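# Examining the three-dimensional arrangement
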Amino acid sequence: MPGKLVIISGPSGTGKTSIVKHLLNSGLNLYFSVSATTRAPRANEKHGTDYYFLEPEEFKMKVESGEFAEWEEVYESIRYGTLKSEIERIWASGGSVLFDVDVRGGINLKKMYGNKAMALFIMPPSIEDLEKRLVLRASETPEKIRMRVMKAEAEIKLSNQFDTIIVNKVLDTAKEEVLTMVSSFLSSK
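We now turn to the structure provided with this report. (Residues numbered from 1 in each chain as written. Predicted model: local features only at pLDDT ≥ 70, side-chain atom pairs only at ≥ 80, totals over all residues. Heavy atoms only, no water.)

## A look at the nonpolar core
For clarity, the threshold we go by: Residues belong to one nonpolar core when they are buried, are Ala, Val, Leu, Ile, Met, Phe, Trp, Tyr or Cys, and are joined through side-chain atoms within 4.5 Å. Whether a residue is buried, partly exposed or exposed follows from its accessible area with a 1.4 Å probe, protein chains only, as a fraction of its type maximum: under 20%, in between, or over 50%, in that order. Helix and strand assignments come from DSSP, with helices taken as H or I runs of at least 4 residues and strands as E runs of at least 2, each series counted from the N terminus.
Counting residues in each nonpolar core, the largest one holds 18 residues, and the members touching the most others are Leu5, Ile7, Ile87, Phe99, Leu109 and Tyr113. When contributions to this core are tallied by element, the ones reaching two or more residues are strand E1 (5-9), helix H3 (84-92), strand E7 (96-100), helix H4 (103-113) and strand E8 (117-123). Counting 17 residues, the second-largest nonpolar core is a separate cluster that includes Leu23, Leu120, Leu179 and Val182.

As structure tokens, then:
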């Protein structure tokens, strides 16, 4: 049923991206919501595909004119948000929107869209396990990993504001659990 939103949130390193890719390949008529950000593109990231990369002033103007469904300053001076036009674009195509957003963004989207939205929190089995996953990624400095772990501890405290918490101990099991829940949600009236 078009016009719904599926929100996947959780700390960095919990498997959100893998779960989102699984959902996108499941044939459920879900379309990924491309977020806007003020951070610089990483290697191989494309504007309009991975993110809408906006200058800080442009982002601020869009906030002031009410163009965001939600936005947050996720890290100091780095903002992320969901443009209302992105949601409307997907709904106009007859699909439902799939989000991979930070925890506060997920909470804000759920508050805004209520029963039209299903909010899932992807939880690591433990903080120690999460830290190991981040180290194995080998994509960030030890200082950035510590920062992400501290942020994860704060985000986990907000998990009770989501519809469901999925503990990702085994990725394939978590993928199937999420797929079952999302499929049921999308087929309900």
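## Considering the environment of Glu67
What counts, and what does not: Whether two residues are in contact is decided by their heavy atoms, any of which lying within 4.5 Å being enough. The definition of a polar contact used here is a pair of N or O atoms within 3.5 Å, where within protein one atom must be able to donate a hydrogen and the other to accept one, and adjacent residues in sequence count solely through side-chain atom pairs.
Of note, Glu67 is situated in the loop between helix H2 (56-64) and strand E5 (68-75). According to the relative accessible area criterion, Glu67 is partly exposed, its value standing at 33%. Sequence-wise, Glu67 and Arg39 are 28 residues apart; in three dimensions their C-alpha atoms are separated by 19 Å. Setting aside residues no more than four positions away along its own chain, Glu67 makes contact with Lys62, Thr82, Leu83 and Lys84. Within the local environment of Glu67, its side chain forms a polar contact with the side chain of Ser65, the two groups lying 2.7 Å apart.

## Let's talk about unusual backbone geometry
Despite not being glycine, Asn29 shows a phi value in the positive range, around 65°. Judged by relative accessible area, which is 37%, Asn29 ranks as partly exposed. In this structure, Asn44 is a non-glycine residue whose phi angle is positive, near 75°. Mapped onto the secondary structure, Asn44 falls in the loop between strand E3 (36-37) and strand E4 (52-53). Asn44 sits in the exposed class, given a relative accessible area of 72%.

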